[in-house]
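A structural walkthrough
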Amino acid sequence: NTPKILAFSGSTRTGSLNKQLVKIAANAARNAGAEVTYIDLRDFPLPLYDGDLEEAEGMPENARKLKQMMLEHQGLLIASPEYNSSLSGVLKNMIDWVSRPEANEPPLVAFSDKVAVIMSTSPGGLGGLRGLVHLRSILGNIRVIVLPDQYALPNAFQAFNEDGTLKDIKQQQTVEQIGSKLATVLAKLVA
Ligand code: FNR
């Protein structure tokens, strides 16, 4: 059984450095035998969560699509920017919508028992590490198994080559190892 991983960035920006980062780990996970689906949250725009809207119109179509994709994958590979010491609003809003139960679904059906690896990058010296603390906590609370391996890549504006790889070979290897780790852990679980 080939493990399936859904990879995405918490930033929708075209030039997002977190998109570049997650793609490095996604490639490594692919090389380690996983099937990786990379998605851009820009392609799944969502309104800000609003209980009245949910009551009137139900779950937005894009939230339902994201939920379905999560159900079809066992692993999550996420790189989120740090905004004011936390995860991005785009990512939090997505989590909030997708976490809502529909019809007779069990609670948190899209998140329960997923295995996740989280990463971040930022132009600062901490690389978004403070945001990862929040993201880890949130995912853990909604029953995602977040692997201890994580990476916050600092000085993001200087870190990448034109081709999307990292200039520093050790950093490149660290990100690749994190991606392949998710693939190998999942391979044991789906065996
Ligand atoms: C930031 N940025 C930022 N960086 C950081 O290291 N710590 C922080 O707390 C914040 N806060 C913050 C708030 C807001 C509203 C914005 C827009 C930005 C900078 C951020 O890391 C930078 O813009 C990254 O390039 C965003 O990631 P992407 O879009 O390149 O993936």
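Just so it is clear, the structure is predicted and the values come from calculations on it, not from any experiment.

Section: helix α4 (residues 89–98)
Val-90, Leu-91, Met-94, Ile-95, Trp-97 and Val-98 are the residues of α4 that are buried. For α4, the arc enclosing every buried residue in end-on projection is 165°, short of the 170-degree limit, so these residues lie on one face. Where α4 is buried, its residues contact α3 (61–71) and α5 (129–141).

Regarding the sheet that holds strand β5 (residues 145–153)
For sheets, the rule is that strands pair by backbone hydrogen bonds, running either parallel or antiparallel. The 5 strands lie next to each other as β2-β1-β3-β4-β5, forming an open sheet whose pairing is parallel. Every interior strand has two partners, whereas the edge strands, β2 (35–38) and β5, have only one. Strand-to-strand, the axes of this sheet are offset by a mean angle of 15°, without reference to chain direction. With 5 bridges connecting them, strand β1 (residues 4–9) and strand β3 (residues 75–79) associate as parallel partners. When the bridges of β3 are listed, Phe-8 appears paired with Ile-78. Sheet strands touched by α5: β4 (115–121) and β5. Its angle to β4, the strand with the most contacts, is close to 160°.

Section: the site of the ligand
Lining the immediate environment of the ligand, one finds 16 residues, of which Ser-11, Asn-18, Pro-81, Ser-122 and Gly-124 sit closest. The residue inventory of the shell around the ligand, partitioned by class, reads 5 nonpolar, 9 polar and 2 charged.

Examining the environment of Val-185
Of note, Val-185 is situated in helix α7 (residues 169–190). What makes Val-185 partly exposed here is the crowd of 18 C-beta atoms within 10 Å. Aside from chain neighbours lying at most four places away, what touches Val-185 is Val-115 and Leu-147.

Let's talk about unusual backbone geometry
Residue Asn-84 is not a glycine yet carries a positive backbone phi of 45°. Judged by C-beta crowding, with 8 C-beta atoms within 10 Å, Asn-84 ranks as exposed. One non-glycine residue with positive phi stands out, namely Arg-143, at about 75°. In this structure, Arg-143 sits in the loop between α5 and β5.

A short note on the UniProt feature "domain: NADPH-dependent FMN reductase-like" (unreviewed entry) in the protein chain
With numbering matched to this structure, UniProt assigns "domain: NADPH-dependent FMN reductase-like" (unreviewed entry) to residues 3–157. Counting secondary structure, residues 3–157 comes out at 37% helix and 20% strand; the distance between its end C-alpha atoms is 33 Å.

Quick look at the environment of Tyr-151
Mapped onto the fold, Tyr-151 is located in strand β5. Looking at Tyr-151, the number of C-beta atoms within 10 Å reads 22, which means it is buried. Contact partners of Tyr-151, with chain neighbours within four places excluded, come to Met-119, Thr-174, Val-175 and Ile-178.

Section: the pairing of β1
Most of β1 is tucked away: 5 of the 6 residues are buried. Once the chain exits β1 it traverses helix α1 (residues 17–31) before rejoining the sheet at β2, and the crossover so formed is right-handed.

Side note on the confidence of the model for the protein chain
On average, residues of the protein chain score 97 in pLDDT, and 100% of them reach the 70 mark or higher. Across the interface, the model reports ipTM at 0.99; the global pTM reads 0.98.

Cut-offs and rules
- Residues numbered from 1 in each chain as written.
- Predicted model: local features only at pLDDT ≥ 70, side-chain atom pairs only at ≥ 80, totals over all residues.
- Buried ≥ 20, exposed ≤ 12 C-beta atoms within 10 Å, placed from the backbone.
- Helix = DSSP H or I, 4+ residues; strand = E, 2+ residues; numbered from the N terminus.
- Arc of directions from axis to C-beta.
- Contact = placed C-beta atoms within 7 Å.
- Pairing = 2+ DSSP bridges.
- Axes fitted to C-alpha atoms, helices over the stretch in contact; angles between N-to-C directions.
- Near = placed C-beta within 6 Å.
- Nonpolar A, V, L, I, M, F, W, Y, C, P; charged D, E, K, R; others polar.
- UniProt positions renumbered as here; feature names shortened; annotations may be inferred.
- Right-handed = clockwise from strand over helix to strand, strands pointing away.
- pLDDT = per-residue confidence, 0-100.

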